[in-house]
Amino acid sequence: MAKITLNHITKVEGHANLSVEIKNNKLVRCELGSIEGTRFFEGIVVGRRYDEIKEITSRICGICSVSHSMTSLKATEKAFDVKVTKQTEILRELMSIGERIRSHATHLYFLVLPDYLGFESAIPMAKQYQKEVFRALDLVKIGNEIVLKTGGRQMHPISCVVGGFTSVPSKEDCDYLLSELKKSRKKAFDTLELFCKLKYPKVELDMEQISLKPETSQPMLKGAIVSNKGLNVSENKYSDFIDEKIESYSTAKFAVKNGKSYLLGALSRVGNNFECFAVDIKKVISKYKFIFPSKNIFNQNVAQAAELVYWLDEAISILENNEFELQKLVFVSVKAGTGRAATEAPRGILFHEYSFDDSGNVTHCNIMTPTCQNLRGMEEYVHAFIELLLKKKVKKKEIILEIEKLIRAYDPCFSCSTHFLQVDWLQK
Amino acid sequence: MKTKKVLCFGNPFIPIDSLAIEIGKELKLKGFEFVICVSPQEIIQHTNFSFILDVCENIKKVSLIGIKDLKANTLFTLHDFDLNFFLQLMKSIGRIDEVKIIAIPINYDKQKAKEEIAKILQRKNL
């Protein structure tokens, strides 16, 4: 029996752990777990006033701080029956678009692309692919600027509060964003073309793909929870079908639906809402013969690139059709109750749920991040992929590289705070 | 005299990572503008900066270092992107030249750091 342990294969601190055991060229164990320290956010907010919650939960993740802020505000407002104005809804969507653009551009260009162009990272890639890196930085920059102008900061936005906004982007801000977004449109389309041209491995799993579905647009902050297997429920009912399980090898919980894994993220969103894409996006996708819904997780890269174009266009449309003025915050009449909210964070549906007492203090909190919900499915995908590669007699070193690609296609955000990945490889 | 921009990075809520930001807010030096940055990505927004101020492990006094002195990480999730990544990337594509990084030891005395930083910034040959 030979025991092979690969520590820190990514040369970063390993907070997630993949344990693989192979016997006679057959995979007998594959465990993917997060080993990060527990962060107690759900406990930290208990006892806090309703208007402090967003500020605290935003800190769950720097990458998805807008998503956590929006979901937190939505859940809080639902608990108190606060109906925000149309302008507030639009500004919240615009801010979320900024986050989506920067997150997808960063993920696609700096995590995914080097894998397919044969570079260890984006830094050596940059010398040879300057045009692509410039494009990526410009897209990230416009995403950052949208969040900054709408939220007051690039991360952990401060202008959005329960009941509305404490400041809104000026006419000059909007004109600037609009002009930059129009310049970025071709860059987004070039991104879609680029990611359609890459050759992806084929590994298909028939997993339930869950996303929000707002009917007339791609999902962001609202919509029923739907799946490719017939699920169609309100966000209030999320806890009726999702269970959280604990495994001894992971401090992060595993979410399952009726005992089975499911998939969240761009692949599910695009699959469940494909008809809402504009014709020009569909044309590019069809030109490269991609079909959505897709069961291949690697096609999530194409789905993200398509979303990049879609949301950039939506931001242009918002800015062309709206002028913003500072409005009075909607009055909050505090009462005991519970609010549940679901939004689409870049990596999939994010749930926040709070119960309040009659003074508006939190008595209970439940937060389910997309990566926690995707963890079980990710483990199954890795399992299936390793089996496929073992059948093809692929060498261990290459298998690990391919697993890395798969994990990157999933675009995990390990409990929104950690690094990835340590692989323990046990071969008998 | 043209004002030189000093980008100050850190996390204001984490004591061991907040010193550069605190100093950036407090230090007043003629000819220098201190810009507070709380996310590594903010560097994309700036091209015409002269210095970076940040805290650094494994040094004993305020030191002037270059990009080449930084150790690169391999990236796996969006949380792995650090200032070093964006500096290396922007240098690779020629968006910035060699950057002078003023590194402050973790948990260093703030007053002492301010004096040493001022001394470095006011060197004539920089």
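Within any chain, residue numbers begin from 1 and follow the written order of that chain's sequence. Key to labels: chains lettered from A, ligands numbered from 1, both in the order written. It should be noted that, the model being predicted, local features are given only for residues of pLDDT at least 70 and side-chain atom pairs only at 80 or more, the latter also being counted only at that level, while totals for whole chains, interfaces and linings use all residues. Calculated side-chain values reflect all of the structure's heavy atoms, with hydrogen atoms and water omitted.

A. Representation of the overall build of chain B. Secondary structure elements are taken from DSSP: a helix is a run of H or I of four residues or more, a strand is a run of E of two residues or more, and numbering for both begins at the N terminus. Looking only at helices and strands, chain B features three helices and five strands. Over its C-alpha trace chain B gives a radius of gyration of 14 Å, about what one expects of a compact globule, namely 14 Å for 126 residues. Structurally, chain B occupies a C-alpha span of about 40 × 35 × 20 Å along its principal axes. For this measure, only C-alpha atoms enter the radius of gyration; the expected value for a globule follows 2.2 Å times N^0.38, where N is the number of residues.

B. Representation of the overall build of chain A within the structure. The number of helices and strands found in chain A is 13 helices and 15 strands. Expected size for 428 residues packed as a compact globule is a radius of gyration near 22 Å; at 21 Å, chain A falls within 12% of this value. Overall, the C-alpha framework of chain A stretches about 70 × 45 × 40 Å when taken along its three principal axes. Here's how the labels work: a residue is buried when its accessible area is under 20% of the maximum for its type, exposed when over 50%, partly exposed in between, all with a 1.4 Å probe on protein chains only. Going through the 428 residues of chain A one by one, you find that 61% of them count as buried. Sequence-distant contacts in chain A: of pairs separated by 6 or more residues, those separated by 24 or more amount to 74%. For the charge count, each Lys or Arg is scored as positive and each Asp or Glu as negative, with His and the chain ends excluded. The atoms used to mark charge sites are NZ of Lys, CZ of Arg, CG of Asp and CD of Glu. Considering chain A, the positive charge centre built from 60 side chains and the negative charge centre built from 53 side chains are found 5 Å apart. Any two residues whose heavy atoms approach within 4.5 Å at even a single point are treated as in contact.

C. Highlighting the sheet that holds strand β12 (residues 337–345) of chain A. All names here are of chain A. A pair of strands is labelled paired if DSSP reports no fewer than 2 bridges between them. An order of β12-β13-β14 is seen for the three strands of this open sheet, with the pairing classed as antiparallel. On the outer flanks of this sheet lie β12 and β14 (362–368), each paired with one strand and no other. The sheet shows a mean angle of 10° between the axes of neighbouring strands, taken without regard to direction. In this structure, strand β13 (residues 348–356) lies alongside β14, joined through six bridges in antiparallel fashion. Looking at β14, one finds that Phe356 is bridged to Val362. A fitted line through C-alpha atoms represents every axis, and for helices the fit uses only the stretch in contact; the resulting angles, taken between N-to-C directions, go from 0 to 180 degrees.

D. The arrangement of the confidence of the model for chain A in detail. All names here are of chain A. Residue-level confidence of the predictor is what pLDDT reports, using numbers from 0 through 100. Averaged over chain A, the pLDDT score is 89; the fraction of residues at 70 or greater is 91%. Counted against residues more than four places away or in other chains, residues 1–14, with its pLDDT under 50, gives 44 contacts. Note that residues 415–420 has pLDDT below 50 and, in this model, 34 contacts with residues that lie over four places away or in other chains.

E. Quick look at the side chain of Thr191 of chain A. With respect to the element layout, Thr191 of chain A can be found in helix α7 (residues 171–197). We define a polar contact as two N or O atoms separated by no more than 3.5 Å, with the added condition that, inside protein, one atom must be a possible hydrogen donor and the other a possible acceptor, whereas residues neighbouring each other in sequence contribute only through side-chain atom pairs. At 2.6 Å, the side chain of Thr191 of chain A and the side chain of Tyr109 of chain A are in polar contact.

F. Inspection of unusual backbone geometry at higher detail. Residues and elements named next belong to chain A. Phe292 connects to Pro293 through a cis peptide bond whose omega is 5°. Mapping Pro293 onto the fold places it in the loop between α10 (279–287) and α11 (300–321). In this structure, Lys393 is a non-glycine residue whose phi angle is positive, near 60°. Mapping Lys393 onto the fold places it in the loop between α12 (370–391) and α13 (396–410). Lys393 sits in the exposed class, given a relative accessible area of 65%. Its identity as a non-glycine residue notwithstanding, Asp411 has a phi of 55°, on the positive side. When you line up the elements, Asp411 lands in the loop between α13 and β15 (422–427).

G. Molecular detail of the nonpolar core. Put simply, buried Ala, Val, Leu, Ile, Met, Phe, Trp, Tyr and Cys residues joined by side-chain atoms within 4.5 Å make one nonpolar core. One finds Phe110 and Phe195 of chain A together with Ile43, Ile52 and Leu87 of chain B to be the most contacted residues of the largest nonpolar core, which totals 144 residues. For this core, the element with the most residues is helix α4 (residues 86–117) of chain A, which contributes 14 residues. Setting aside its immediate chain neighbours within four residues, Phe195 of chain A contacts Leu108, Tyr109, Val112, Leu113, Tyr200, Asn301, Val302 and Ala305 of chain A. Among the nonpolar cores identified, the runner-up in size contains 21 residues, and Cys8, Leu19, Tyr108 and Ile117 of chain B belong to it.

H. The arrangement of the sheet that holds strand β8 (residues 232–233) of chain A in detail. All names here are of chain A. Reading across the sheet, the four strands line up as β8-β7-β6-β11 and stay open at both edges, with mixed pairing between neighbours. Every other strand in the sheet has two partners, leaving β8 and β11 (262–263) as the edge strands with one partner each. Along the sheet, helix α9 (residues 266–273) makes contact with β6 (208–213), β7 (224–227) and β11, crossing β6 at roughly 70°.

I. Region of interest: the packing of aromatic side chains. Residue and element names in this part refer to chain A. Side-chain rings of Phe, Tyr and Trp (the six-membered ring for Trp) are treated as a pair once their centres are within 6.5 Å; stacked means planes under 30 degrees apart, edge-to-face means over 60, and tilted covers the remaining angles. Tallied over the full model, the rule gives 18 aromatic pairs over all chains. Centre to centre, the rings of Tyr238 and Phe351 are 4.4 Å apart; their planes meet at 15°, and the pair counts as stacked. Remark: Phe351 occurs in strand β13 and Tyr238 occurs in helix α8 (residues 238–241); sequence separation between them is 113 residues. In this pair, the class of Tyr238 matches that of Phe351, namely buried.

J. Looking closely at the environment of Ile246 of chain A. Residue position: Ile246 of chain A is located in the loop between β9 (242–245) and β10 (254–257). A C-alpha to C-alpha distance of 47 Å links Ile246 of chain A and Lys182 of chain A, two positions 64 residues apart in sequence.

K. Local environment of the layout of surface pockets. All names here are of chain A. The method works on a 1 Å grid over the protein atoms by themselves. A cavity is a set of points holding a 1.4 Å probe that cannot get out, a pocket is an open set with protein on both sides within 12 Å along at least five of seven lines, and residues with an atom within 4 Å of a point line them. Grid points are joined across faces, edges and corners, and a volume is the space filled by probe spheres set on the points. By volume, the second largest pocket amounts to about 750 Å³. Forming the boundary of the second largest pocket are 29 residues, of which Glu89, Ile90, Glu93, Leu221 and Lys222 lie nearest the centre. The set of elements that each furnish at least two residues to the lining of the second largest pocket consists of α3 (65–79), α4 and α11. Among the elements that line the lining of the second largest pocket, the one with the most residues is α11, at six residues. Amino acid classes used here: Ala, Val, Leu, Ile, Met, Phe, Trp, Tyr, Cys and Pro are nonpolar; Asp, Glu, Lys and Arg are charged; the rest, including Gly, are polar. Here the residues of the lining of the second largest pocket sort into eleven nonpolar, seven polar and eleven charged.

L. Geometry of the side chain of Gln373 of chain A. All names here are of chain A. Structurally, Gln373 can be placed in helix α12. The exposure class assigned to Gln373 is buried, which follows from its relative accessible area of 0%. A distance of 2.9 Å separates the side chain of Gln373 from the backbone oxygen of Ile349, its partner in a polar contact.

M. The pairing of β13 of chain A, seen in detail. Residue and element names in this part refer to chain A. Along β13, nine of the nine residues are buried, which leaves the element largely enclosed by surrounding structure. Strand direction decides the pairing type here: β12 and β13, joined by nine bridges, are antiparallel. Note that in β13 the partner of Glu344 across the bridge is Ile349. Between the antiparallel neighbours β12 and β13 lie two residues. In sequence, β13 turns back onto β14 through a hairpin of five residues, with Gly360 there showing a positive phi of about 85°.

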